[in-house]
Amino acid sequence: MGIEFTLNGETVSFKGDPRTPLLEVLRETYRLTGAKAVCGEGFCGACTVHVDGVAVPSCLRPVGLVGGSRVTTIEGFSEPDEPHRLQEIFKEHDVVQCGMCFPGMVMSLSKLLEENPSPSRDDVKRGMAGNICRCTGYERIIDAVLALQDNSEARS
Ligand code: FES
Ligand code: FES
């Protein structure tokens, strides 16, 4: 019997070593390569996914611990023709460079916005504290997240 969990809305059953990192299972068994394998030690956040609605580094989570859980990756997070507003604003602000950090960044910051739709600059910094970006210097990412509020004010 495998380890059953919900992956992007579908029930899957992983038959393998329960100690296998969730990241490896996502990328190699289910071919979901949006979560990136970078440090493998929980430092960079590139592998962040949602497990039962919480942003977690999937490299540190043994798949045996997600039995019965809801796992969402960047692939199941939005549709190509209906991107999340974070993905739109990052594109609008031309923030993405190599793109390695961005799936994890979106997964972490989307949780911040869910919990706090009007974050301050410091809130955004805290929300992305577990995500390393080696390209942007962070300020452009923060500016883009804050611009979401300007956009929604402009719309209201
Ligand atoms: S690859 Fe998981 S935190 Fe870096
Ligand atoms: S855009 Fe390259 S690591 Fe963030």
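Refer to the structure above for everything that follows.
Please read all numbers here as calculations on a predicted model, not as lab measurements.

A.B. asks: In this structure, what is going on with the overall build of the protein? I would like to understand it.
C.D. replies: A tally of helices and strands in the protein yields 6 helices and 5 strands. Walking the protein from its N terminus toward its C terminus, one meets helices and strands in the order β-β-α-β-β-β-α-α-α-α-α. A compact globule built from 156 residues should have a C-alpha radius of gyration of about 15 Å, and the protein, at 16 Å, falls within 12% of that. Expressed as lengths along the three principal axes of its C-alpha atoms, the size of the protein is roughly 55 × 30 × 25 Å. Per-residue burial for the protein yields a buried fraction of 43% across its 156 residues. For the protein, the accessible area works out to roughly 8,400 Å², and carbon and sulfur atoms hold 48% of it.

A.B. asks: What exactly am I supposed to notice about the sheet that holds strand 1 (residues 3-7) here?
C.D. replies: Backbone-to-backbone hydrogen bonds join strands into a sheet, with any given pair of strands oriented parallel or antiparallel. Read across the sheet, 5 strands follow the order 2-1-5-3-4 without closing on themselves; strand pairing throughout is mixed. Sheet topology places strand 2 (10-14) and strand 4 (54-57) at the edges, where each strand pairs with a single neighbour. Direction aside, neighbouring strands of the sheet carry axes that sit 40° apart on average. Against the sheet, helix 4 (residues 102-115) makes contact with strand 3 (48-51), strand 4 and strand 5 (70-72), and its axis sits at roughly 45° relative to strand 3, the strand it touches most.

A.B. asks: Got a minute to help me understand helix 1 (residues 22-29) in this structure?
C.D. replies: By the burial criterion, the buried members of helix 1 are Leu22, Leu23, Val25 and Leu26. Summarising the contacts, the buried residues of helix 1 are in contact with strand 1, strand 2, strand 3 and strand 5. Backbone geometry just downstream of helix 1 places Arg31 in the positive-phi region, at approximately 55°.

A.B. asks: Please clarify how the packing of helix 3 (residues 85-92) against helix 4 should be interpreted in this entry.
C.D. replies: When two helices pack together, you describe them by how their axes are tilted relative to each other and by the distance separating the axes. Where helix 3 meets helix 4, the axes come as close as 9 Å, and the angle between the chain directions of the two elements is 120°. Relative to helix 4, the element helix 3 lies oblique. Remark: the crossing between helix 3 and helix 4 carries right-handed chirality. The segment helix 3 lies against helix 4, with Arg85, Leu86, Gln87 and Phe90 engaging Phe102, Val106, Leu109, Ser110 and Leu113. When grouped by side-chain class, the residues that make up the contact of helix 3 with helix 4 number 6 nonpolar, 2 polar and 1 charged.

A.B. asks: Help me out: how do you make sense of the pairing of strand 4 in this one?
C.D. replies: Taken residue by residue, a regular strand's side chains alternate between the two faces of the sheet. Sheet analysis places strand 3 next to strand 4, joined by 4 bridges and oriented antiparallel. Note on strand 4: the bridge partner recorded for His50 is Ala55.

A.B. asks: Honestly, the packing of aromatic side chains in this entry has me stumped. Any pointers?
C.D. replies: The geometry of two aromatic rings is summed up by the distance between their centres and the angle between their planes. All chains considered together, the criterion is met by 2 aromatic pairs. Taking 6.4 Å as the distance between ring centres and 85° as the angle between the ring planes, the aromatic pair formed by Phe5 and Tyr30 counts as edge-to-face. Here the residue Phe5 occupies a position in strand 1, and Tyr30 occupies one in the loop between helix 1 and strand 3, the gap between them amounting to 25 residues. The partly exposed category is assigned to Tyr30, whose relative accessible area is 22%. Consider the rings of Phe90 and Phe102, whose centres lie 5.0 Å apart with planes at 80°: the pair is edge-to-face. Here Phe90 is found in helix 3, whereas its partner Phe102 is found in helix 4, with 12 residues between them in sequence. Taken individually, Phe90 and Phe102 each receive the classification buried, so the pair is uniform in this respect.

Here is what the cut-offs are and how they apply
- Residues numbered from 1 in each chain as written.
- Chains lettered and ligands numbered in written order.
- Predicted model: local features only at pLDDT ≥ 70, side-chain atom pairs only at ≥ 80, totals over all residues.
- Heavy atoms only, no water.
- Helix = DSSP H or I, 4+ residues; strand = E, 2+ residues; numbered from the N terminus.
- Rg over C-alpha atoms; globule rule 2.2 N^0.38 Å.
- Buried < 20%, exposed > 50% of the residue type's maximum accessible area, 1.4 Å probe, protein only.
- Areas by Shrake-Rupley, 256 points an atom, 1.4 Å probe, with all protein chains shown as cover.
- Pairing = 2+ DSSP bridges.
- Axes fitted to C-alpha atoms, helices over the stretch in contact; angles between N-to-C directions.
- Contact = heavy atoms within 4.5 Å.
- Parallel < 35°, antiparallel > 145°, perpendicular 65-115°, else oblique.
- Left-handed = near helix turned anticlockwise from the far one by under 90°.
- Nonpolar A, V, L, I, M, F, W, Y, C, P; charged D, E, K, R; others polar.
- Phe/Tyr/Trp six-rings, centres within 6.5 Å; stacked < 30°, edge-to-face > 60°.

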